[in-house]
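Examining the three-dimensional arrangement
Chain residues, written in single-letter form:
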Amino acid sequence: MYTYIHVLIQIYVYIYIYTYICSIYKNLPSLRPSRHPSGKPSPLMIDYMVEKFGIERGRICMVGDRLDTDILFGQNNGLLSCLTFSGVTTDSKLFSPENAIKPDYYVDSIADFL
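Source: prediction; values computed, not measured.

1. So, the pattern of salt bridges
This model, assessed by the stated rule, comprises one salt bridge. The closest approach of N and O atoms between Arg 57 and Asp 47, which form a salt bridge, is 2.5 Å. Taken together, the positions of Arg 57 in the loop between helix 2 (44-53) and strand 1 (61-64) and Asp 47 in helix 2 put the pair 10 residues apart, joining distant regions of the chain.

Here it is, written out as structure tokens:
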């Protein structure tokens, strides 16, 4: 039986590996799958995770530092989203009138979870 922390760690590892593999395909056009878009914010990855672990989408929170990939991925796939300011996105960008992508939560660092 999985505990939530085990599932979250496994989901994070799968996302990290999946994103890495997608970056390889992006740089090698001859290997790129043409009919199935992958990577964030594509639903392929989360569909697999939901099926594998049997978790409701509304109980999963996508944590990331980019509005246009991580947070959009969460929103497009029925997940909660949490933006961390320890990476690319700044608070001024998040609260800018031009920004249409709003996370459910935001934190200064993922260390805030501890």
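Having seen it, we continue.
2. Examining the environment of Leu 94
Relative to the helices and strands, Leu 94 resides in helix 4 (residues 91-94). Sequence separation between Leu 94 and Leu 83 is 11 residues, and the spatial gap between their C-alpha atoms is 9.1 Å. Those residues in contact with Leu 94 that lie beyond four places of it in its chain are Leu 67, Leu 83, Phe 85, Thr 89, Asn 99, Ile 101, Lys 102, Pro 103 and Tyr 106.

3. Thoughts on helix 3 (residues 67-76)
Among the residues making up helix 3, those that are buried are Leu 67, Asp 70, Ile 71, Phe 73 and Gly 74. Tucked into the core, helix 3 has its buried residues touching helix 2, strand 1, strand 2 (80-84) and helix 4. Downstream of helix 3 by one or two residues, Gly 78 has phi in the positive range, about 75 degrees.

4. Quick look at the sheet that holds strand 1
Strand order in the open sheet formed by three strands is 1-2-3, and the pairing between neighbours is parallel. Both edges of this open sheet fall to strand 1 and strand 3 (105-107), since each of them pairs with a single strand only. On average, adjacent strands in this sheet sit at an angle of 20 degrees to one another, irrespective of strand direction. The pairing of strand 1 with strand 2 spans four bridges and is classified as parallel. What sits directly across from Met 62, in strand 2, is Ser 81.

Rules behind the numbers
- Residues numbered from 1 in each chain as written.
- Predicted model: local features only at pLDDT ≥ 70, side-chain atom pairs only at ≥ 80, totals over all residues.
- Heavy atoms only, no water.
- Salt bridge = Lys/Arg side-chain N within 4 Å of Asp/Glu carboxyl O.
- Helix = DSSP H or I, 4+ residues; strand = E, 2+ residues; numbered from the N terminus.
- Contact = heavy atoms within 4.5 Å.
- Buried < 20%, exposed > 50% of the residue type's maximum accessible area, 1.4 Å probe, protein only.
- Pairing = 2+ DSSP bridges.
- Axes fitted to C-alpha atoms, helices over the stretch in contact; angles between N-to-C directions.

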